[in-house]
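Examination of the molecular architecture
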Amino acid sequence: MHEESSSRRKVDDEVHEGAIPSYLLDREQTTRAKIISNSIKQKRKEKAGKWDVPLPKVRPVAEDEMFRVIRTGKHKAKQWKRMISKVTFVGPSFTRKPPKYERFIRPSGLRFTKAHVTHPELKCTFNLEIIGVKKNPNGPMYSSLGVITKGTIIEVNVSELGLVTPAGKVVWGKYAQVTNNPENDGCINAVLLV
């Protein structure tokens, strides 16, 4: 019925010696983007290893140790509220949600604004204001809630220490790692990361 077309034939173009197919063209030479990404990774690694953290490993805190379940409702059947049983930090502009809608309750007796920070080179301890919680080793949720446990990296206001950068600017905030269990001691002890 249909006859095969006889016009279709293989085209034999001359292939030059040492030619590479197009899909292999970017195999050998490393592209500029690759070099840039490698340098960024290298910088990140250097930044991560910049501080020798006084406590590299800490005991993980279980969730039921960190939170206490609060039962609400007329018949105490609802269990969606949690009270934080550890020391927390909330900023100066913090206002609570209405108690009915507050999921995580941070008791005001466990809210701290100052920390005893030791400078490792000066071997002196200063009572400094806390600016914020940078990283809680137990997870990002605790960092965002401002929970302070042993090993947490906090940012403290070091303006009164008079630390100066090589450019001559006064250093305002510096990181410190908490070295004690604040909920047991009633105070926060930390070591400045320099």
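Along every chain, residues carry numbers that run from 1 in the direction the sequence is written. For a predicted model such as this one, the threshold for reporting local features is a pLDDT of at least 70, and the threshold for listing and counting side-chain atom pairs is 80 or more; totals across whole chains, interfaces and linings nevertheless cover every residue. Hydrogens and water are ignored here; the side-chain numbers use all heavy atoms of the structure.

To form a nonpolar core, buried Ala, Val, Leu, Ile, Met, Phe, Trp, Tyr and Cys residues must be joined to one another through side-chain atoms within 4.5 Å. The rule is simple: take the accessible area with a 1.4 Å probe, protein chains only, and divide by the maximum for that residue type; under 20% is buried, over 50% is exposed, in between is partly exposed. Counting 19 residues, the largest nonpolar core has Val117, Ile148, Ile154, Val156 and Ile188 as its most contacted members. Helix and strand assignments come from DSSP, with helices taken as H or I runs of at least 4 residues and strands as E runs of at least 2, each series counted from the N terminus. At the level of secondary structure, the elements contributing two or more residues to this core comprise β5 (114-119), β6 (124-135), β8 (153-157), β9 (173-178) and β10 (189-192). With three residues, β6 is the single largest residue contributor to this core. Between two residues, a contact is recorded if the distance between any of their heavy atoms is within 4.5 Å. Excluding its chain neighbours within four sequence positions, the residues that come into contact with valine 156 are Val117, Leu128, Glu129, Ile130, Ile131, Trp172, Gly173, Lys174, Ala176 and Leu192.

This next bit is on the environment of phenylalanine 67. By the secondary structure assignment, phenylalanine 67 is in strand β1 (residues 67-72). Excluding its chain neighbours within four sequence positions, the residues that come into contact with phenylalanine 67 are Arg82, Met83, Ile84, Ser85, Phe104, Met141, Tyr142 and Leu145.

Take valine 53: it is sitting in the loop between α1 (32-48) and α2 (63-66). A relative accessible area of 33% means that valine 53 is categorised as partly exposed. Sequence-wise, valine 53 and leucine 192 are 139 residues apart; in three dimensions their C-alpha atoms are separated by 9.3 Å.

So, about the pattern of salt bridges. One speaks of a salt bridge when a side-chain nitrogen belonging to Lys or Arg is within 4 Å of a carboxyl oxygen belonging to Asp or Glu. Under the definition given, this model contains four salt bridges. We note a salt bridge from glutamate 102 to arginine 96, for which the minimum N-O separation is 2.6 Å. By relative accessible area, arginine 96 is classed as partly exposed at 45%. Several salt bridges share partner residues, and in doing so they unite Arg59, Glu65, Lys86 and Glu183 into one network.

Before going further, it helps to spend a moment on the side chain of glutamate 102. Locating glutamate 102 in the fold gives a position in the loop between β3 (87-88) and β4 (104-105). On the basis of relative accessibility, which here comes to 6%, the residue glutamate 102 falls in the buried class. Beyond its immediate chain neighbours, meaning those up to four positions away, glutamate 102 contacts Trp80, Lys81, Arg96 and Lys97.

A word on the packing of aromatic side chains. To pair, rings of Phe, Tyr and Trp, with the six-membered ring standing in for Trp, must have centres within 6.5 Å; the planes then decide the type, stacked if under 30 degrees apart, edge-to-face if over 60, and tilted in the middle. Across all of its chains, the model carries two aromatic pairs by this definition. Considering the side-chain rings of phenylalanine 67 and phenylalanine 104, the 5.4 Å spacing of their centres and the 40° angle between planes classify their relative orientation as tilted. Placement of the pair is phenylalanine 67 in strand β1 and phenylalanine 104 in strand β4, with a sequence separation of 37 residues. Ring centres 5.7 Å apart and planes at 40° place the aromatic pair phenylalanine 67 and tyrosine 142 in the tilted group. Here phenylalanine 67, found in strand β1, pairs with tyrosine 142, found in helix α3 (residues 140-145); they are 75 residues apart in sequence, far enough to count as distant. Phenylalanine 67 sits in the buried class, given a relative accessible area of 7%. Three or more aromatic residues joined by ring pairs form one cluster here, namely Phe67, Phe104 and Tyr142.

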